[in-house]
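# Coordinate inspection notes
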Amino acid sequence: MSSNIFISYDLHQPVRNYERVIHAIKTCGTWAHVQKSLWYVSGSLTMEQVFLRLSTAIDIDDSLIVIDASTNDAKWTGVNPEVARLIQGTWQQSSQVRRFG
């Protein structure tokens, strides 16, 4: 089964390595560049596998969120804690959300 994954990121370092992040995204499956920092990927990788692959391409103070629209799962790093709490508290669940943050 193919996944339906959305990826969004913000790179914060003065020297932002967009090429490294974009290359990592393009290795995750069939992709579409939806907006400046929003991508869609479909393939055999799970959301967790995509997150791990991309987390090696970003710096420690960057932010990344990976959402699997197929399973209603999300994982992130570097997201404002207040925003993370809001998402966790209001996520519309068509299925049980299995992991956050």
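Structure: see above.
Throughout what follows, the structure given in this document is the object of discussion.

Thresholds, definitions, all that
- Residues numbered from 1 in each chain as written.
- Predicted model: local features only at pLDDT ≥ 70, side-chain atom pairs only at ≥ 80, totals over all residues.
- Heavy atoms only, no water.
- Salt bridge = Lys/Arg side-chain N within 4 Å of Asp/Glu carboxyl O.
- Helix = DSSP H or I, 4+ residues; strand = E, 2+ residues; numbered from the N terminus.
- Buried < 20%, exposed > 50% of the residue type's maximum accessible area, 1.4 Å probe, protein only.
- Arc of directions from axis to C-beta.
- Contact = heavy atoms within 4.5 Å.
- Core = buried A, V, L, I, M, F, W, Y, C linked by side-chain atoms within 4.5 Å.

### What to know about the pattern of salt bridges
Scanning all chains against the criterion turns up 1 salt bridge. The partner of Asp59 in a salt bridge is Arg20, with the nearest N and O atoms 3.5 Å apart. In this pair, Asp59 is assigned in the loop between α2 (47-55) and β4 (63-68) and Arg20 in helix α1 (residues 18-26), connecting sequence segments 39 residues apart. For Asp59, a relative accessible area of 27% gives the class partly exposed.

### As for α1
Of all the positions in α1, only Val21, Ala24 and Ile25 are classed as buried. Viewed along the axis of α1, the buried residues span an arc of 100°, placing them on a single side of the element. Within α1, the exposed residues directed more than 90 degrees away from the buried face are Glu19 and His23. Contacts from the buried residues of α1 go to β1 (5-10), β3 (38-42) and α2.

### Overview of the nonpolar core
Ranked by internal contacts, the top residues of the largest apolar core, which has 19 residues, are Ile7, Tyr9, Ile25, Val50, Leu54, Leu64 and Val66. Of all the secondary-structure elements, those providing two or more residues to this core are β1, α1, β3, α2 and β4. The element that contributes the greatest number of residues to this core is α2, accounting for 4 residues. Judged by nonpolar contacts, the second largest core, of 6 residues, contains Ala74, Trp76, Ala84 and Ile87.

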